[in-house]
Each structure stands twice: as structure tokens, then as C-alpha cells.
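Chains, contacts and geometry: an overview
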Amino acid sequence: MRHAEIGKLDKSQATHVWDVAEYCRRTGINKAEERRLIRVLGRFASSHELQMNIVRPQTRIR
């Protein structure tokens, strides 16, 4: 592992990484879906990965 100075890092490529359980709690996702996301993605994932893997119920069109 190399030493990196924080001031020299390129922050434009940095992504926010969420704790999957915290993300589910904040967005109101149920426990079964939370367990599935943890199995698929692991304990930590980017918000984009989480949004693309959430299964939402189909809306009924009348």
C-alpha cells in the first residue's frame, strides 16, 4: 500500500459510498429488500448501484 497525500488526490472522481442498511432506513425500504441488497452488493455500495438494484413494486395503470 502506498502513502497518498490527501491534498493531491483528484476529488472529481470521488464517489459517496453508503452503508446499505443506513440507505434503506433513510429511504424507507423494507427489511426483506435490505437483506437482498446486502446479499447482492455487500455492506457498502454507491448510491447509483443501490438505485439500480432496488426492486420497486409495479404501479397499476387504470
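These figures come from a predicted structure and were not determined experimentally.

As for the environment of E34
- The topology assignment puts E34 in helix α2 (residues 31–41).
- You can call E34 buried: its relative accessible area is 11%.
- C-alpha of E34 to C-alpha of C24: the two residues are ten residues apart in sequence and 6.2 Å apart in space.

Digging into helix α1 (residues 20–27)
- Every buried residue of α1 is accounted for by V20, A21, Y23 and C24. Each buried residue of α1 lies within a common arc of 165 degrees when the element is viewed along its axis, so the set occupies one face. Residues R25 and R26 are exposed on α1 and point more than 90 degrees away from its buried face.
- Summarising the contacts, the buried residues of α1 are in contact with β1 (17–19), α2, β2 (44–46) and α3 (47–53).
- G28 sits one or two positions beyond α1 and adopts a positive phi of about 80 degrees.

Description of the side chain of S46
- As for its position among the elements, S46 is in strand β2.
- When residues no more than four places from it in sequence are discounted, the contact partners of S46 are H16 and W18.

Side note on the packing of α1 against α2
- Between α1 and α2, the least distance of the axes is 10 Å, while the angle of their chain directions is 150 degrees. Overall, the two elements α1 and α2 adopt an arrangement that is roughly antiparallel. Crossing of α1 over α2 shows right-handed handedness. From α1, V20, A21 and C24 reach across to α2, where they touch E34, L37 and I38.
- Partitioning the contact of α1 with α2 into residue classes produces five nonpolar, no polar and one charged.

Definitions and cut-offs
- Residues numbered from 1 in each chain as written.
- Predicted model: local features only at pLDDT ≥ 70, side-chain atom pairs only at ≥ 80, totals over all residues.
- Heavy atoms only, no water.
- Helix = DSSP H or I, 4+ residues; strand = E, 2+ residues; numbered from the N terminus.
- Buried < 20%, exposed > 50% of the residue type's maximum accessible area, 1.4 Å probe, protein only.
- Arc of directions from axis to C-beta.
- Contact = heavy atoms within 4.5 Å.
- Axes fitted to C-alpha atoms, helices over the stretch in contact; angles between N-to-C directions.
- Parallel < 35°, antiparallel > 145°, perpendicular 65-115°, else oblique.
- Left-handed = near helix turned anticlockwise from the far one by under 90°.
- Nonpolar A, V, L, I, M, F, W, Y, C, P; charged D, E, K, R; others polar.

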